[in-house]
Amino acid sequence: GGGGGAAMADGEGLVSVDYEVHGKVQGVFFRKYTQGEAKRLGIVGWVQNTSHGTVQGQIQGPTARVRELQEWLRKIGSPQSRISRAEFSNEKKIQALEHKEFQILK
């Protein structure tokens, strides 16, 4: 971390983004790894399996960190996953985080 005091630059506000990841993403600890990566980046939100074989959720945090997690969801995922594509929607600026942590929902 750097020193505080500087005004937040544009693009460093908080954003909320919904996501859905397609591919072989269930039964490969995808949710657990997503939670770990989110916690490492300081991102809050949630992740869950869907009935149609994808993983979906919402991520919230500083824009730059959310972008990092989006890249991770698009390209990396858990070691045994095979991501075909990740879709992001409903991106919006938020004034405050709406989640306290990053949860795995059943």
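Residues numbered from 1 in each chain as written. Predicted model: local features only at pLDDT ≥ 70, side-chain atom pairs only at ≥ 80, totals over all residues. Heavy atoms only, no water.

Draft legend 1. Region of interest: the overall build of the chain. When helices and strands are tallied, the chain shows 2 helices and 5 strands. Reading the secondary structure of the chain in the N-to-C direction produces β-α-β-β-α-β-β. The buried share of the chain, reckoned over its 106 residues, is 39%. Contacts spanning at least 24 positions in sequence make up 78% of the contacts within the chain whose residues lie at least 6 apart. For the chain, the accessible surface area stands at approximately 6400 Å², while carbon and sulfur atoms represent 49% of it. (Helix = DSSP H or I, 4+ residues; strand = E, 2+ residues; numbered from the N terminus. Buried < 20%, exposed > 50% of the residue type's maximum accessible area, 1.4 Å probe, protein only. Contact = heavy atoms within 4.5 Å. Areas by Shrake-Rupley, 256 points an atom, 1.4 Å probe, with all protein chains shown as cover.)

Draft legend 2. Here's a closer look at the UniProt feature "active site" (unreviewed entry) in the chain. UniProt tags Arg 31 and Asn 49 as "active site" (unreviewed entry). Taken together, the annotated residues stretch across 19 residues yet fold into one region, lying no more than 7.9 Å apart by C-alpha. Take Arg 31: it is sitting in helix α1 (residues 30–41). Given the relative accessible area of 24%, Arg 31 is considered partly exposed. In this view, Arg 31 contacts Val 47, Gln 48, Asn 49, Val 55, Ile 104 and Leu 105; residues no more than four positions away in its chain are not counted. Tracing the backbone shows Asn 49 in strand β2 (residues 44–49). Here Asn 49 is in contact with Gln 26, Arg 31, Thr 54 and Val 55, once residues within four sequence places are set aside. (UniProt positions renumbered as here; feature names shortened; annotations may be inferred.)

Draft legend 3. Quick look at the packing of aromatic side chains. The full count for this structure, using the stated rule, is 1 aromatic pair. Plain terms: the ring middles of Phe 30 and Trp 72 are 6.0 Å apart, the flat faces sit at 45° to each other, and that makes the pair tilted. Here Trp 72 lies in helix α2 (residues 63–75) and Phe 30 lies in helix α1, a separation of 42 residues in the sequence. On the basis of relative accessibility, which here comes to 1%, the residue Phe 30 falls in the buried class. Lying across the ring of Tyr 33, Lys 32 places its NZ or CZ 5.8 Å from the centre. (Phe/Tyr/Trp six-rings, centres within 6.5 Å; stacked < 30°, edge-to-face > 60°. Lys NZ or Arg CZ within 6 Å of the ring centre and 35° of its normal.)

Draft legend 4. Region of the structure containing the side chain of Gln 60. Inspection of the secondary structure assignment puts Gln 60 in strand β3 (residues 55–62). What makes Gln 60 buried here is its relative accessible area of 0%. Polar contacts involving the side chain of Gln 60 include one to the side chain of Gln 58, which spans 3.4 Å. (Polar contact = N/O pair within 3.5 Å; in protein donor to acceptor, adjacent residues only side chain to side chain.)

Draft legend 5. Region of the structure containing the pattern of salt bridges. Counting across every chain of the model gives 5 salt bridges. In this structure, the salt-bridge partner of Glu 37 is Arg 40, at a minimum N-O distance of 2.7 Å. Of this pair, Glu 37 and Arg 40 both sit in helix α1, 3 residues apart, roughly one helical turn. (Salt bridge = Lys/Arg side-chain N within 4 Å of Asp/Glu carboxyl O.)

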